[in-house]
Amino acid sequence: MPRRPGRLRRSVSVVLMTAVFVVLGACGGAGPGSDSTRGGTTSATPAGTPTTPATPASRTPAAADPANLDCRPRSTPESPPPRQGSPKIVSANAVDCEITPGGGAARFQLVVANPSGRSFRDGRLAFSYAWGGKPEDLRLEYLDGSTWKRLAMSWNDPEEPELLESAAIPVAFAPRQTRTFDLRVSLPADFATSAGEVSFGGGASLRVPGGKGREFLSVARGLEFALNPSKGTPVNLRLPHRVTPGQAPVEFPAYVDNTTGRAYIHNRLDLTIDGVYAKETRLEVFRDGAWHPVTLVETGTDGEVAGSITSGFNMPYNFSREYRLRIRLGFGATRWGANPLMSLALVNLDARGRDANLGQVRRLLHVNLPAIQLRVPDGMRAPGSVEIPVSFENSTSADYPPLHVELTITNPPRADWLRVRYREVGTRTWNALTPRRVEDQFNAWAVDLPPPRAAGTPSGFHVAYDVQVGLTRWDPEVGNLIHVAAVLKLADGSVASPSTLGATNGYIGVEAGREAGPRR
């Protein structure tokens, strides 16, 4: 099995919805909700100075930057799809892009519609959030006329208190009516995030009785708010732009605002990046009119590097500074496949233990990488073989050095049980590949397809292959599955586009004497 990143994320799978997602996107705005006519249908609401050489300019604290890639400002319905003509959730749209524990509520709108010519009543609109605290600590409200009304929250399963569900908002529909609900959600100041968690969101469900014992159900993932540090935390970080390896550096700001009511002497500002190689990552800080490199060192945690932006500075009460940073990634900089996680921490060097940590903020560094895909069948027979379509595209704006596909096949206990060959789509000749053992992985074998272009992989380049994976024999004692994963690699063996679950991974069931199952 391919190695997975060591990050934890708050996630709970339920029958109706998955409550929390870490997502990508750019923030867009919608105005505050109100009763209005939208698109010809009715919309209604229901009943000091641093002592080190770093010398950034002072700044006035401003409103949240709307360009935050950790928020997803829109969401559309997902499985199960509503029946044709039945009431449904149309979309969820953010009014605010960010949410601050202990701060103001984050606003959003939910649009529901009845496309049919009949009326409906007794509908129920409810919301769900993964949660690790007390139910009463999560505050969710909807606008009823001109009054905000709070929705009670309770555990979906009291025996496993992980998922909160709200009380339902009553919904009735006139024929062909569209309704817009204004809502807001707020988090307590002591909201505890999981490691790597950078956003907060939930799910929504609309249930409407359809007569004769039927019930129409529409489900949507909630939009995601970028998660700020708790109110009063003296550090923040904005990463409003994506980074493309091999391209020019991308600039971003880091902020220190001391609103704690006391002064701190002898402090350090550290930036940690989880998921990059130090030798392929260049971080710089702007001071004295020029850019200066920040030395990045391995922290001892696999895949994590850190550097100090400034050290030894005093922070009086009302100290406020913006630090200009920029980062450049080499072609083989990323490690895990997920976007690297950045953590900005303010440390008091005169304190010890927890008292030394004055505040921390986490953001994802969103990276543009070449795209690789494969599609595996559900099953195969042994002895026998299956064909797997594999393709990759340099969908970035950078011209890469030569890239090639590496496939890893896990679970066959011996190399001579495995046969792998490939051909480029549109050609007839099959080319055999020799499996090699993957170190530090149990029963894992890798094969390398040659680079399709020895001169390099220009922006926009695309190639597709047929890959045939065969088993000469099988032992049921080994199990009934093999796992296939694909990554893009550079000539030196470093990973250009790592493997992640989904389009680049798949399981194939193995049963002797049976035909391969349909493709997923």
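Definitions and cut-offs
- Residues numbered from 1 in each chain as written.
- Predicted model: local features only at pLDDT ≥ 70, side-chain atom pairs only at ≥ 80, totals over all residues.
- Heavy atoms only, no water.
- Helix = DSSP H or I, 4+ residues; strand = E, 2+ residues; numbered from the N terminus.
- Buried < 20%, exposed > 50% of the residue type's maximum accessible area, 1.4 Å probe, protein only.
- Areas by Shrake-Rupley, 256 points an atom, 1.4 Å probe, with all protein chains shown as cover.
- Contact = heavy atoms within 4.5 Å.
- Pairing = 2+ DSSP bridges.
- pLDDT = per-residue confidence, 0-100.
- Polar contact = N/O pair within 3.5 Å; in protein donor to acceptor, adjacent residues only side chain to side chain.
- Disulfide = S-S within 2.5 Å.
- Salt bridge = Lys/Arg side-chain N within 4 Å of Asp/Glu carboxyl O.

On to the overall build of the chain. A tally of regular secondary structure across the chain gives 0 helices and 38 strands. The proportion of buried residues among the 520 residues of the chain is 51%. Carbon and sulfur atoms make up 48% of the accessible area of the chain, which totals about 23,500 Å².

Take the environment of Leu-471 next. Looking at the secondary structure, you find Leu-471 in strand S35 (residues 462-471). You can call Leu-471 buried: its relative accessible area is 2%. The spatial distance from the C-alpha of Leu-471 to the C-alpha of Val-510 is 9.3 Å, given a sequence separation of 39 residues. Once residues lying within four places of it in the same chain are set aside, the contact partners of Leu-471 are Met-380, Ala-382, Pro-383, Gly-384, Pro-412, Trp-417, Leu-418 and Val-510.

Okay, the sheet that holds strand S14 (residues 178-186) next. Judged by pairing direction, the sheet is antiparallel, and its 6 strands sit side by side in the order S3-S5-S7-S14-S9-S10 without closing on themselves. Every other strand in the sheet has two partners, leaving strand S3 (74-75) and strand S10 (147-151) as the edge strands with one partner each. In terms of strand pairing, strand S7 (residues 106-113) meets S14 through 8 bridges, oriented antiparallel. Of the residues in S14, the one forming a bridge with Ala-113 is Thr-178.

So, on to the pairing of strand S24 (residues 320-329). When strand S18 (residues 250-257) meets S24, the two strands line up antiparallel, connected through 8 bridges. When the bridges of S24 are listed, Ala-254 appears paired with Tyr-323. Sheet analysis places strand S20 (residues 281-287) next to S24, joined by 5 bridges and oriented antiparallel. Its bridge partner lying in S24, Leu-283 is registered against Ile-327.

A few words now on the confidence of the model for the chain. This prediction gives the chain a mean pLDDT of 84; 83% of its residues lie at or above 70. A low-confidence stretch, residues 1-66 (pLDDT under 50), is modelled with 203 contacts involving residues beyond four sequence positions or located in other chains.

Next up on the list: the side chain of Asn-394. If you trace the backbone, Asn-394 turns up in the loop between strand S29 (384-393) and strand S30 (404-410). When its relative accessible area of 0% is taken as the criterion, Asn-394 is described as buried. A distance of 3.2 Å separates a polar side-chain atom of Asn-394 from the backbone oxygen of Pro-458. Beyond its immediate stretch of four places on either side in the chain, Asn-394 contacts Pro-370, Asp-399, Tyr-400, Thr-457, Pro-458, Ser-459, Gly-460 and Phe-461.

The next point concerns the state of the cysteines. Scanning all chains against the criterion turns up 1 disulfide. Disulfide partner of Cys-71: Cys-97, at an S-S distance of 2.2 Å. Of note, the bridge from Cys-71 to Cys-97 carries an S-S torsion of about -95° and is left-handed in sense. Of this pair, Cys-71 sits in the loop between strand S2 (41-43) and S3 while Cys-97 sits in the loop between strand S5 (88-94) and strand S6 (98-99), and the two are 26 residues apart along the sequence. Like Cys-71, the residue Cys-97 is buried in the burial classification.

On to the pattern of salt bridges, then. Side chains bearing opposite charge may pair, as long as their charged atoms lie close to each other. Across all of its chains, the model carries 18 salt bridges by this definition. Across the pair Arg-414 and Asp-416 runs a salt bridge, and its minimum N-O distance is 2.6 Å. Between Arg-423 and Asp-466 there is a salt bridge, with its nearest N and O atoms 3.5 Å apart. In this pair, Arg-423 sits in strand S31 (residues 418-424) while Asp-466 sits in strand S35, placing the two residues 43 residues apart along the sequence. On the basis of relative accessible area, Asp-466 is assigned to the buried category, the value being 18%. Overlapping salt bridges, with partners in common, bring together Glu-406, Arg-436, Asp-448 and Lys-489 in one network.

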